[in-house]
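Listed here are the chains, written in short residue letters.
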Amino acid sequence: GEDKVVLTSREGRVAILTLNRPKALNALNSEVMREIVRLTAELDRDPGVGAILITGSEKAFAAGADIKEMEDRTVMEMMLADWFSDWEMLERVRTPMVAAVSGFALGGGCELAMMCDLIIASDTAKFGQPEIKLGVIPGMGGSQRLTRAVGKYKAMDMILTGRMVEAEEAERMGLVSRLVPAASLMDEAMAAARTIAEFSKPATITAKEATNRSFEVGLREGLLHERRTFHALFSGSDQKEGMSAFREKRAAVFKHG
Ligand code: HXC
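Residues numbered from 1 in each chain as written. Predicted model: local features only at pLDDT ≥ 70, side-chain atom pairs only at ≥ 80, totals over all residues. Heavy atoms only, no water.

Asker: It is not clear to me how the overall build of the chain should be interpreted in this structure. Could you clarify?
Answerer: When helices and strands are tallied, the chain shows 11 helices and 10 strands. For the chain, the C-alpha radius of gyration of 19 Å lies close to 18 Å, the compact-globule estimate for 257 residues. If you line up the chain on its principal axes, its C-alpha atoms span 60 × 45 × 40 Å. Within the chain, buried positions represent 43% of all 257 residues. If you sum the accessible surface of the chain, you get close to 14100 Å²; carbon and sulfur atoms cover 56% of it. Taking the 34 positively charged and 37 negatively charged side chains of the chain as two groups, their mean positions are separated by 6 Å. (Helix = DSSP H or I, 4+ residues; strand = E, 2+ residues; numbered from the N terminus. Rg over C-alpha atoms; globule rule 2.2 N^0.38 Å. Buried < 20%, exposed > 50% of the residue type's maximum accessible area, 1.4 Å probe, protein only. Areas by Shrake-Rupley, 256 points an atom, 1.4 Å probe, with all protein chains shown as cover. Lys, Arg positive; Asp, Glu negative; His and termini not counted. Charge placed at Lys NZ, Arg CZ, Asp CG, Glu CD.)

Dropping the structure here:
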């Protein structure tokens, strides 16, 4: 119902998670974190799900971690609870995730978008890492993922000044996969998710894995991982289907095996 902090729906092979704390601009409190982690892990195990779309409202994807929940915490409380560490569970989701971003994607909101594999942004989207203004620093991966995404000098500008960047600048920086008019955000994001979801799941999850590998290992190891994975995909029926469909000039129908 209306009191759920994350709403779920399904369209074919696409699962949609909608952040639902409108009064707090979708601030990410512990309950939201638990729900996102629980739901994505569950969807990841569902063979009927080929892509997960995460979105917020028109006004805000998410305006960050919940400042009011954090304000009075002590170091020991945060350390013992290992505050924010559960977000790392999203790294274990193998199903491709698409963020559809409209309005504010700040702090943890920007970081959540960066934990997804594609970021589709409306022209109203605003990205930022404003933690510095609160006397802290990014805590859910901003200093690491943003730097890998846009390079040192763009990342430093956002992290040290806390300034918001508009959708167009974010797109130029490489923080956005596609920039689309606000009115077509959900159509575009759903179309991208649907396209991914219909492809062979063994192919999409290994494509994601191989691409993410590039952030972890050197080129030689990464290339070997990619090539061996490519070889392994010849054991499935989807490779035969994809290639015979090409030869027969028809659309492939993948069975995800
Ligand atoms: C808790 C939040 C919130 C947040 C907004 N709200 N952001 N509550 N945590 N991150 C609440 C407001 O308190 C307010 O509720 C309601 O949402 C609407 O927000 P307004 O400020 O009235 O809206 P507006 O004037 O349109 O301004 C929008 C905004 C501003 C520019 C996005 O809300 C803002 O600056 N928010 C904080 C952004 C931020 O600093 N994020 C980073 C958080 S730290 P009430 O009930 O008061 O009216 C983080 C990383 C953690 O994410 C790492 C640290 C270790």
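Asker: Is there a simple way to think about the nonpolar core in this case?
Answerer: When a protein is soluble and globular, its nonpolar side chains tend to lie buried together. Judged by nonpolar contacts, the single largest core of 49 residues is most densely connected at Phe 61, Trp 87, Val 101, Phe 127 and Leu 175. Looking at this core, the element that brings in the most residues is helix H1 (residues 30-44), giving six residues. Ignoring sequence-local partners within four residues, the contact set of Leu 175 consists of Cys 110, Met 114, Ile 119, Phe 127, Leu 146, Val 150, Met 158 and Ala 170. (Core = buried A, V, L, I, M, F, W, Y, C linked by side-chain atoms within 4.5 Å. Contact = heavy atoms within 4.5 Å.)

Asker: Hey, could you run me through the sheet that holds strand S4 (residues 60-62) in this one?
Answerer: Across a sheet, paired strands are connected by hydrogen bonds in the backbone, their directions being either parallel or antiparallel. Spatial ordering of the open sheet is given by S4-S6-S8-S9, a layout of four strands whose pairing is mixed. In this open sheet, the two strands that pair with only one neighbour each are S4 and strand S9 (165-166). Alignment of strand S8 (residues 126-128) against S9, held across two bridges, turns out to be antiparallel. Counted as the bridge partner of Lys 126 is Glu 166 from S9. Its contacts with the sheet place helix H4 (residues 108-115) against S4, strand S6 (104-106) and S8, and it is angled at close to 90 degrees to S6. (Pairing = 2+ DSSP bridges. Axes fitted to C-alpha atoms, helices over the stretch in contact; angles between N-to-C directions.)

Purely geometric numbers; function is a separate question.
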